[in-house]
Protein chains: 2
Amino acid sequence: MSEFNEHKQCGGKNIEKVAQIGAMMPVEEEIYDIAELFKVLGDQTRVKILFSLIRDEMCVCDIAELLEMTQSAISHQLRVLKQARLVKYRREGKTVYYSVSDEHVATILSMGMEHITE
Amino acid sequence: MSEFNEHKQCGGKNIEKVAQIGAMMPVEEEIYDIAELFKVLGDQTRVKILFSLIRDEMCVCDIAELLEMTQSAISHQLRVLKQARLVKYRREGKTVYYSVSDEHVATILSMGMEHITE
DNA sequence: CTTTCATATGAATGGTTGTTCATGTGTTTA
DNA sequence: TAAACACATGAACAACCATTCATATGAAAG
């Protein structure tokens, strides 16, 4: 029990436990992808954009007006969200309408909302 | 002199829609907190730590050994996770054991895992 | 008390990132 | 055709961040 859990210069005797938990760890690529996903969600502007698009699709300049930011800044962030497959778009003439890629996005955001309100 | 009204046609047509969606937006403080939460989750090292602690509590040097990183780096990241209330700790002599603060953490991580595997 | 061990922390640094500015692309209209 | 419009994009810059290094707590053992 505890006599096999003693430390010796930081890391001598918990080899079993470390190996066991290490075996359950997702592979490096999955870790990378998950961190990248949350990194994309870790920005106020992008969170605001997603909360907007959850309600209804919107064109770029309407998002810019809503968030009181430049069209360029919004466009840059939409690119990041698009690359993370969090939003999709459709073209209608000069206008491009963005929307969340699926209902999964709303779920993740509401999980975040739940965590901060407790 | 609104620099946000540069796009005349687009901004003019959708005033109602913009106002409507703006009214449904979470307040600034909630947006900030949600973005901060995801920012904490947006790092490979912290994701690995959380995936480890989901299985069982662990002391700092075991985490360092598992992830093949220095004790200092792990300690710094545990501080970030602790401030975000994602992990808790208990002291036992010289050793400090960390664990996830609640089962909510596993839910958020599995949501991320779901999104990247499609 | 002194030493050793586990962990915490401050400072420095190299790398990353969000916004701005200027410009480019593609579409519609005059 | 040319002009106007909606959006995209490259470069630059300041702000931020994760790790390293050195050092500081704090607890148990000698």
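About the criteria used
Residues numbered from 1 in each chain as written. Chains lettered and ligands numbered in written order. Predicted model: local features only at pLDDT ≥ 70, side-chain atom pairs only at ≥ 80, totals over all residues. Heavy atoms only, no water. Axes fitted to C-alpha atoms, helices over the stretch in contact; angles between N-to-C directions. Helix = DSSP H or I, 4+ residues; strand = E, 2+ residues; numbered from the N terminus. Parallel < 35°, antiparallel > 145°, perpendicular 65-115°, else oblique. Left-handed = near helix turned anticlockwise from the far one by under 90°. Contact = heavy atoms within 4.5 Å. Nonpolar A, V, L, I, M, F, W, Y, C, P; charged D, E, K, R; others polar. Buried area = accessible area lost by both parts, 1.4 Å probe. Salt bridge = Lys/Arg side-chain N within 4 Å of Asp/Glu carboxyl O. Polar contact = N/O pair within 3.5 Å; in protein donor to acceptor, adjacent residues only side chain to side chain.

Peer 1: Outline the packing of helix α1 (residues 15–24) of chain A against helix α5 (residues 60–67) of chain B, supporting the account with residue identities and numerical values.
Peer 2: At a minimum axis separation of 10 Å, α1(A) and α5(B) run at an interaxial angle of 55°. The angle between α1(A) and α5(B) falls in the class oblique. Along this stretch, α1(A) crosses α5(B), giving a crossing that reads as right-handed. Residues V18(A), I21(A) and G22(A) of α1(A) lie in contact with α5(B), whose contacting residues are D62(B), E65(B) and L66(B). Here the contact of α1(A) with α5(B) is composed, by residue class, of 3 nonpolar, 1 polar and 2 charged.

Peer 1: How would you explain the interface of chain B and chain A if you had to name every residue and give the values?
Peer 2: The interface is formed by 58 residues belonging to chain B together with 58 residues belonging to chain A. The contact between chain B and chain A buries some 5700 Å² in all, and 70% of this surface belongs to carbon and sulfur atoms. Where chain B packs against chain A, one counts 6 salt bridges. A salt bridge links E118(B) to R85(A), with the shortest nitrogen-to-oxygen separation between them at 3.2 Å. Taken together, chain B and chain A are joined by 11 residue pairs in polar contact (both at pLDDT 80 or more). Listed by contribution, the elements that provide at least two residues to the side of chain B that touches chain A are α1 (8–13), α2 (15–24), α3 (28–41), α4 (44–55), β1 (58–59), α5 and α7 (104–116) of chain B. Considering every element that reaches the side of chain B that touches chain A, the biggest residue donor is α3(B), with 11 residues.

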